[in-house]
Protein chains: 2
Amino acid sequence: MTDTDVVNAWRELLSRHASTWCELDRELNERYGLGASEFEVLDRLAEGVKDAYRVQELGAMVFLSQSALSRLIGRLETKGLVVRSMCDSDRRGISVCLTDAGRELYAAAKPTHRSVLAASFADAPA
Amino acid sequence: MTDTDVVNAWRELLSRHASTWCELDRELNERYGLGASEFEVLDRLAEGVKDAYRVQELGAMVFLSQSALSRLIGRLETKGLVVRSMCDSDRRGISVCLTDAGRELYAAAKPTHRSVLAASFADAPA
DNA sequence: TTGCACTAGATGCAGATGCATGGAATGTTC
DNA sequence: GAACATTCCATGCATCTGCATCTAGTGCAA
């Protein structure tokens, strides 16, 4: 793989990322008042096997700094989509858990999310 | 391509984008005081066939809003890496052109950029 | 128990981004 | 040429992000 190949691959990735992310952000925001990052967190919470996750567990899944994630969870909590609760086993930790409203909004938004992705990956499947 | 496939592909893309971008940003900032977006603009300016580009031409290449690009160019100008000048053919437009300092810094930073990309794409070439 | 290093998460702050808007120049229509 | 719509870039503003730091809780060692 030459230098140029790598650069081209990177630009291709940048392009796909930017257009998809931007579209997701616009659609989710407009219809459900959700940012793309926020949906990403809801997605992990909803699909998970557990019904509550530690903040640091979520941090390992989404690509945000610890501070950004903390505030994002704060926003979700303000919107009533998740609740924070103290972690029993380690009282420094915070458990994050979807509320019913959160589960509902997620279920409503999920088709939009998937359909944007499908459209975005349709023209040049990875 | 199933729904799950698409989601997985998207997450793979997110992951690669985040780690690569983050690494680029850190390395370029630390060594050359450049943000990843800023390098991206310098890259387009330096490799281009023309020696000056309209702001809107750059806008079509990098994935930034028009306002973000305008400010980014402002930062580059403050650092003395580019100059803005009125466009002759259309006096609404602005031509952006690398300075010698800009060309030098770009040449210095380019190997770092390429090497980060190479490392990032080495483990799973697209 | 006390002391100290370490970890989890929250927050002050500065910087970057996007949206909406503004001013200036251009093009269009009559 | 006058009036109006449109395009180009800059900027006010709110929001999101990361870095550095802070507080609270944990674990270990003497």
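Located above this text is the structure these notes cover.
What you see is a predicted model; the values in this text were computed from it and never measured.

Colleague: What exactly am I supposed to notice about the nonpolar core here?
Modeller: Within soluble globular proteins, side chains that are nonpolar generally end up buried alongside one another. Among the nonpolar cores identified, the biggest contains 62 residues, and Val82(A) and Val82(B) are the most heavily contacted of them. Aside from chain neighbours lying at most four places away, what touches Val82(A) is Leu42(A), Leu45(A), Ile73(A), Leu76(A), Glu77(A), Val96(A), Cys97(A), Leu98(A) and Thr99(A).

Colleague: What exactly am I supposed to notice about helix H5 (residues 100-122) of chain A here?
Modeller: One turn of an α-helix holds 3.6 residues; hence residues three or four places apart share an orientation. Its 23 residues give H5(A) an end-to-end C-alpha distance of 33 Å, which sits within 8% of 33 Å, the value for a rise of 1.5 Å per residue. Within H5(A), the full set of buried residues consists of Gly102(A), Tyr106(A), Ala109(A), Thr112(A), His113(A), Arg114(A), Val116(A), Leu117(A), Ser120(A) and Phe121(A). The elements touched by buried residues of H5(A) are helix H1 (3-32), helix H2 (36-47) and strand E3 (94-98) of chain A together with helix H1 (3-32) of chain B.

Colleague: What should I look at first to understand the protein's contact with DNA strand C in this one?
Modeller: The full set close to DNA strand C counts 21 residues, and Gln56(A), Ser70(A), Arg71(A), Arg84(A) and Ser65(B) are the nearest of them. If you look at DNA strand C and keep only atoms within 4 Å of the protein, 59% of those are sugar or phosphate atoms. Within the backbone of Ile94(A), a nitrogen or oxygen atom sits 3.2 Å from a phosphate oxygen of DNA strand C. Of all elements in the fold, only helix H3 (55-61) and helix H4 (66-78) of chain A together with helix H4 (66-78) of chain B reach the threshold of two or more residues within the surface near DNA strand C. When its residues are assigned to classes, the surface near DNA strand C shows four nonpolar, eight polar and nine charged.

Colleague: I would appreciate a short explanation of the pattern of salt bridges in the present structure.
Modeller: Two side chains that carry opposite charge are able to pair once their charged atoms sit near each other. A full pass over the atoms with the stated rule returns 28 salt bridges over all chains. A salt bridge links Asp3(A) to Arg114(B); its shortest N-O distance comes to 3.6 Å. Note that Asp3(A) is positioned in helix H1 and Arg114(B) in helix H5 (residues 100-122), a pairing that runs across two chains. Accessibility expressed as a relative area gives 44% for Asp3(A), which makes it partly exposed. Exposure remark for Arg114(B): the relative accessible area of 11% places this residue in the buried category. Within the structure, one salt-bridge network assembled from shared partners comprises Asp3(A), Arg11(A), Glu40(B), Asp43(B), Arg44(B), Glu47(B) and Arg114(B).

Colleague: In this structure, what is going on with the protein's contact with DNA strand D? I would like to understand it.
Modeller: Taken together, 21 residues lie around DNA strand D, and Ser65(A), Gln56(B), Ser70(B), Arg71(B) and Arg84(B) are the ones closest in. Atoms of DNA strand D within 4 Å of the protein belong to the sugar or the phosphate in 58% of instances, the rest to bases. Backbone polar atom of Val55(B) to a phosphate oxygen of DNA strand D: 3.4 Å apart, as the coordinates give it. Side-chain polar atom of Gln66(B) to a base nitrogen of DNA strand D: 2.9 Å apart, as the coordinates give it. Within the residue set of the surface near DNA strand D, elements represented by two or more residues are H4 of chain A together with helix H3 (55-61) and H4 of chain B. Considering only residue class, the surface near DNA strand D consists of four nonpolar, eight polar and nine charged.

Colleague: Would you explain the interface of chain B and chain A in this entry?
Modeller: When the parts of a complex come together, some accessible area is lost, and that lost area is often taken as the interface size. Every contact between the two is made by 28 residues of chain B and, on the other side, 28 residues of chain A. Contact between chain B and chain A buries roughly 2500 Å² in total, counting both sides, with carbon and sulfur atoms accounting for 75%. Together, Trp10(B), Arg11(B) and Phe63(B) form the three largest contributors to the area buried by chain B at its contact with chain A, with a combined 27%. For the interface between chain B and chain A, the tally reads eight salt bridges. Close ionic contact of Glu40(A) with Arg11(B) constitutes a salt bridge, the shortest N to O distance being 4.0 Å. Joining chain B to chain A, the criterion identifies five residue pairs in polar contact (both at pLDDT 80 or more). Secondary structure elements with two or more residues in the side of chain B that touches chain A: H1, helix H2 (36-47) and H5 of chain B. Among the elements that make up the side of chain B that touches chain A, the one with the highest residue count is H1(B) (15 residues). Class assignment for the residues of the side of chain B that touches chain A results in 16 nonpolar, four polar and eight charged.

Colleague: Help me out: how do you make sense of the packing of H1(B) against H2(B) in this one?
Modeller: For any two helices packed against each other, the geometry comes down to the angle between their axes and how far apart the axes lie. Residues and elements named next belong to chain B. The geometry of H1 relative to H2 is characterised by a closest axis approach of 8 Å and an angle of 85° between their N-to-C directions. Viewed along their axes, H1 and H2 adopt a mutual orientation that is roughly perpendicular. Counted together, Trp21, Leu24, Asp25 and Leu28 of H1 and Ala36, Ser37 and Phe39 of H2 form the full contact between these two elements. Across the contact of H1 with H2, the residue classes break down as five nonpolar, one polar and one charged.

So, how was this worked out
Residues numbered from 1 in each chain as written. Chains lettered and ligands numbered in written order. Predicted model: local features only at pLDDT ≥ 70, side-chain atom pairs only at ≥ 80, totals over all residues. Heavy atoms only, no water. Core = buried A, V, L, I, M, F, W, Y, C linked by side-chain atoms within 4.5 Å. Buried < 20%, exposed > 50% of the residue type's maximum accessible area, 1.4 Å probe, protein only. Contact = heavy atoms within 4.5 Å. Helix = DSSP H or I, 4+ residues; strand = E, 2+ residues; numbered from the N terminus. Expected span 1.5 Å × (residues − 1). Near = heavy atom within 4 Å. Polar contact = N/O pair within 3.5 Å; in protein donor to acceptor, adjacent residues only side chain to side chain. Nonpolar A, V, L, I, M, F, W, Y, C, P; charged D, E, K, R; others polar. Salt bridge = Lys/Arg side-chain N within 4 Å of Asp/Glu carboxyl O. Buried area = accessible area lost by both parts, 1.4 Å probe. Axes fitted to C-alpha atoms, helices over the stretch in contact; angles between N-to-C directions. Parallel < 35°, antiparallel > 145°, perpendicular 65-115°, else oblique.

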